[in-house]
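Observations on chain architecture
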Amino acid sequence: MRLGSGTFAAGCVVIEVLGVALFLRGFFPTPVFSGAERQAESPAPEPSAGASSNWTELPPPLFSKVVIMLIDALRDDFVFGSKGVKFMPYTTYLVEKGSSLSFVAEAKPPTVTMPRIKALLTGSLPGFIDVVRNLNSPTLLEDNVITRAKAAGKRIIFYGDETWVKLFPKHFVEYDGTTSFFVSDYTEVDNNVTRHLDKVLKRQDWDVLILHYLGLDHIGHISGPNSPLIGHKLSEMDSILMKIHTSLLSEERDTLLPSLLVLCGDHGMSEAGGHGASSMEEVNTALVLISSAFERKPGRANETTTPAVGPPCIPVNRWCHSHSSSGDVRHPTHVQQTDLAATLSIGLGLPIPKSNIGSLMFPVVEGRPMREQLRFLHLNTVQLSKLLQENVPSYEKEPGFDQFKVSERSHGNWIRLYLEENNSEVLFNLGARVRRQYLDALRTLRLSLSKRAAQYDIYSMAAGTVMVLENPPQSTSTWSELDLLSFLGTVGHVLSLGSSSFIEEEHQTWYFLINTLCLALCHQIYRNCFLGDDCAPQHCPHMGEEFDGVTVALQGKRAGREGWELSRAPADPSSLEALRGPERWMVLASPWLVLACCRLLRSLNQTGVQWAHRPDLGHWLTSSDHKAELSVLAVLSLAMIFVLVQKRCSLTSKVAMAFGLLGVYCYRAAIGNVLFPWKQDNKDVSKGITEARFVYVFVLGILFTGTKDLLKSQIIAADFTARTVGLWEIYSGLVLLAALLLRPHNLPVLVLSLAIQTIMTQFIWRPLRHNITEVTVMHYWFGQAFFYFQGNSNSIATVDISAGFVGLDAYMEIPAMFLTAFATYSGPVLWASHLVNFLTSEASSGSALSRACFCYALICSTPVSVYVVLVTSLRYHLFIWSVFSPKLLYEGTRLLITAAVCMFFTAMDQTNTRS
């Protein structure tokens, strides 16, 4: 049986999806970590040179209790910047004058919760594919602080994000998990944590308390970092921290060791409120260690400290006070987020996790005796050197390993002098030199291991690449001028993917292409209107016959009901001279109208990296001072959506669309985005669940009506109207769903998308008789441009996950994933759906859809095929994880959508063929 071109193209795309999946399996493997055989290993003994050291056990704990207060999306400037001074006075006092150490912890991409928790507790760099696993976290099998603490008999209590419970299912003696994905809730999710505090702080039956607060992150996803809700949430967190700290201080009177309170964030927050990528706002998180052990005392430099083991009176604090590495408290030192695992392990008297690549935050122990300091540093470097040996065959040639061996020998000499009770001044100077050697070795070892945090499965990558490259279909049709533009534009875009800067600013490429397209269309229109038939476009061999045959047959049938009746097209398909009056002027002006719409859309949402921080209309509209203006704009946008969509719908769908759009506004008013005309405040802000579900009812009703009409066209083969109306109603249902999920300031994006589609249909595609390839390429280009017009980028941080919880009162994985994906890719999906509608209404046979599917598969799969090769060759690039990998995930998702679109094309192709 001979396959049609559409079926063949759909099959090729499906095979390409499998190839990309295989490639991703090799490109995003599980990070390499140390084997389990070292689980019961004894700690490395203290080095010695000619003398017998008596310190072969782990050092005792530095703290009796540890409380980890993790505030999701706690950006560094929320604590150390103006917001911290204004809304977190107690924390600011501790940072500036209290007993604390302040750091800015740098997170590695992907900056999402689950990988960052793993980094905090294992000290390793999670694989980038963990951004997907974040949706349903598996049990953490890698060696970590929590597992070590439980094995040591520590009693651990947890309240907060249920991701912890999934990672550590049998580690907590008491826990209460809350879902982290229900982002529309920023009050109950934190109250569920705080309600346990009073009773837990009064008890003495725990060693580690972990609190993970989610409200700040949820506010960021909904309203962004400049929302007035941010200040209220920071004040709430400050009061909770004060309660915990004062309670710990009161208990220290009865304990020999101080307690430690860790205030930290898992990641930051972009200026748009999201996270996931590598911008400074997402990477830099606050980290404050609070303990009476860090208390600042006047005259500290003249004190001496008695060592825990061995002879007393080594004046170690001379160096510590004058060369403190903690830095100015107003400008905290930058550390790696992975450094916390080693620091917590030392603080709790536990072995450092075997896969840790972080280094001990030295200010934590700089007040301890010199022998303890060197012991801590030695344990850390031994652990890193063993990890290096397991993962690097030529580890002896690594500079970090050589530095470690030199430091260890110097440490042994220091131990010999220490045990011989030699001159303390000489001993201190030698100890200070050994300390510097250890710190240098730690930095070098960490750098070497960071570069080898994951290994590629080259065989899977190669097999996936072969599957991807064997499948792109090839076109054999003749080329027009627009075909040449399409080819050059596609090739140029593909080549640009080899540059990290072009990936970060890919929106500029698509903006340039559609602007160029509009100018090319303007040239074509003016040439036909003013130069006549000599320069008229050639009659299209693909589509012209279909148009000619169907025009006469359908003029009478559809002229009264549908908005796109073909009778308006000129009688001569090879010239525009037949156009007269206003319609002629509209054809002449249409490219400029599209250009104006695109320029307006560019001003709505700044995206990318270089200019994302600059003000735009979206920021102005979403500020609390302009809620009235946003409300008026939302009303006008919803009204225009109804006008542009309803004219081809049935009466039932028109009514459903009207009520659905009204429900969209009510939902946005219920959650406080816009105002009701009779209510100028938002005191009764709710989750809008009822209003959103009201809209879903109408979305499903419209989709059901459209599907019913399509089935009717299957039964009555000649019922062309039922098929076209059914397809349009399905399209209008998707439009209504997009209006609900898009943020209110993005409703103009949807309106202008519909307006451009109407302009292009009425005054460009029909009068100029563009062939199938040209129409398909234009739809694809505009779909890609509208992906960026929404404010999306190739950064994971721009994904609006709050869209996945519209109308949900609990986290449901599949609906949330579908809604988030649709909201993210609504631009390409709606333009692909419009393409099906246009071709179905304009062509009488199924060959149009078949060829469109062929073309659509070609222009979608080619960039993916080339990009897989580029990523393979650039796998050791500096920005492979921060730029190229997120783009690879976006391309994989886009390819899945392309496969779905091609299957839909193929199904409609079969429907048209049978009809």
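Please read all numbers here as calculations on a predicted model, not as lab measurements.

Moving on, we come to the overall build of the protein chain. Helices and strands together make up the secondary structure of the protein chain, namely 35 helices and eight strands. Out of the 915 residues belonging to the protein chain, those deemed buried represent 60%. Taking all contacts inside the protein chain whose residues are at least 6 apart in sequence as the whole, residues at least 24 apart take part in 78%. Accessible surface, the protein chain: about 35700 Å² in total, of which carbon and sulfur atoms supply 60%.

The next thing to look at is the sheet that holds strand S1 (residues 66-71). Here eight strands make up an open sheet; going across it, the order is S4-S3-S5-S1-S6-S7-S2-S8 and the pairing mixed. Lying at the two open borders of the sheet, with one neighbouring strand each, are strand S4 (174-178) and strand S8 (333-336). On average, adjacent strands in this sheet sit at an angle of 20° to one another, irrespective of strand direction. By the bridge criterion, five bridges tie strand S3 (residues 156-161) to S4 in an arrangement that is parallel. Within the sheet, the bridge partner assigned to Phe158 lies in S4 and is Tyr175. Packed on one face of the sheet, helix H4 (residues 89-96) meets strand S2 (100-106), strand S6 (260-264) and strand S7 (284-290) and runs near 105° to S2.

The next thing to look at is the packing of helix H30 (residues 747-768) against helix H33 (residues 826-842). In contact at an axis separation of 12 Å, H30 and H33 are set at 30° when each is read in the N-to-C sense. Taken together, the axes of H30 and H33 are roughly parallel relative to one another. As H30 packs across H33, the resulting crossing turns out to be right-handed. Counting all contacts with H30, which are made through Leu750, Ser753, Ile756, Gln757, Thr761, Trp765 and Arg766, the residues of H33 involved are Leu830, Trp831, His834, Phe838 and Glu842. Looking at the contact of H30 with H33, its residues break down into six nonpolar, four polar and two charged.

Once that is clear, we can look at a nonpolar patch on the surface. A surface patch of nonpolar side chains, about 460 Å² in accessible area, is lined by Leu484, Phe487, Leu488, Val491 and Leu495. One can find Leu484 in helix H20 (residues 481-496). With a relative accessible area of 41%, Leu484 lands in the partly exposed category.

Attention now goes to the packing of H20 against helix H31 (residues 772-789). Between H20 and H31, whose axes approach to 10 Å, the crossing angle comes to 40°. Where H20 crosses over H31, the two elements pack in a sense that is left-handed. Together, Leu482, Asp483, Leu485, Ser486, Gly489 and Thr490 of H20 and Thr773, Glu774, Val777, Met778 and Trp781 of H31 make up the contact between the two elements. Split into classes, the residues belonging to the contact of H20 with H31 amount to five nonpolar, four polar and two charged.

Turning our eyes to something else, we now look at the environment of Leu747. Structurally, the position occupied by Leu747 is in helix H30. Excluding anything up to four places from it in sequence, Leu747 contacts Ala634, Ser637, Leu638 and Ala739.

As a further point, take the pairing of S3. In terms of burial, S3 is largely enclosed, as six of its six residues are buried. Pairing geometry for S3 and strand S5 (residues 208-213), over five bridges, is parallel. In the sheet register, Phe158 faces S5, and the bridge partner there is Ile210.

Further remarks concern the packing of aromatic side chains. Applying the stated rule across the entire model yields 22 aromatic pairs. The interplanar angle of 55° and the centroid separation of 6.2 Å between the aromatic rings of Phe401 and Phe404 together place this pair among those described as tilted. Linking Phe401 with Phe404, this pair stays in helix H17 (residues 399-419), spanning three residues, or about one helical turn. Each of the two residues, Phe401 as well as Phe404, counts as buried.

Right, let's get into unusual backbone geometry. The residue Ala73 is not glycine, and still its phi comes out positive at about 70°. Counting through the fold element by element, Ala73 comes out in the loop between S1 and helix H2 (76-80). The phi torsion at Arg769 lies on the positive side, around 55°, for a residue other than glycine. Looking at where Arg769 falls in the secondary structure, it is placed in the loop between H30 and H31. Look at Arg769 and you get buried, because its relative accessible area is 12%.

Positionally, Arg602 belongs in helix H24 (residues 582-602). Filtering out sequence-adjacent residues up to four positions away, Arg602 remains in contact with Gln508, Tyr511, Asn515 and Phe789. Side-chain polar atoms of Arg602 contact the side chain of Gln508, separated by 3.4 Å.

Within the secondary structure, Leu849 is located in helix H34 (residues 847-873). Its relative accessible area of 1% is what places Leu849 among the buried residues. Leu849 sits 77 residues away from Ile772 along the chain, and the two C-alpha atoms are 8.5 Å apart.

This part is about the pattern of salt bridges. Applying the stated criterion across every chain, the model contains 20 salt bridges. In this structure, the salt-bridge partner of Glu46 is Arg371, at a minimum N-O distance of 2.6 Å. One end of the pair, Glu46, is in the loop between helix H1 (5-27) and S1; the other, Arg371, is in helix H16 (residues 370-391), and 325 residues separate them in sequence. Per residue, the accessibility class of Glu46 equals that of Arg371, and both read buried. Ionic contacts of the salt-bridge type, sharing partners, join the residues Glu506, Lys887, Glu891 and Arg894 into one network.

Here is what the cut-offs are and how they apply
Residues numbered from 1 in each chain as written. Predicted model: local features only at pLDDT ≥ 70, side-chain atom pairs only at ≥ 80, totals over all residues. Heavy atoms only, no water. Helix = DSSP H or I, 4+ residues; strand = E, 2+ residues; numbered from the N terminus. Buried < 20%, exposed > 50% of the residue type's maximum accessible area, 1.4 Å probe, protein only. Contact = heavy atoms within 4.5 Å. Areas by Shrake-Rupley, 256 points an atom, 1.4 Å probe, with all protein chains shown as cover. Pairing = 2+ DSSP bridges. Axes fitted to C-alpha atoms, helices over the stretch in contact; angles between N-to-C directions. Parallel < 35°, antiparallel > 145°, perpendicular 65-115°, else oblique. Left-handed = near helix turned anticlockwise from the far one by under 90°. Nonpolar A, V, L, I, M, F, W, Y, C, P; charged D, E, K, R; others polar. Patch = residues over 30% accessible without salt bridge, like charges linked within 9 Å, V, L, I, M, F, W, Y side chains within 5 Å. Salt bridge = Lys/Arg side-chain N within 4 Å of Asp/Glu carboxyl O. Phe/Tyr/Trp six-rings, centres within 6.5 Å; stacked < 30°, edge-to-face > 60°. Polar contact = N/O pair within 3.5 Å; in protein donor to acceptor, adjacent residues only side chain to side chain.

Honestly, it's all geometry; don't read function into it.
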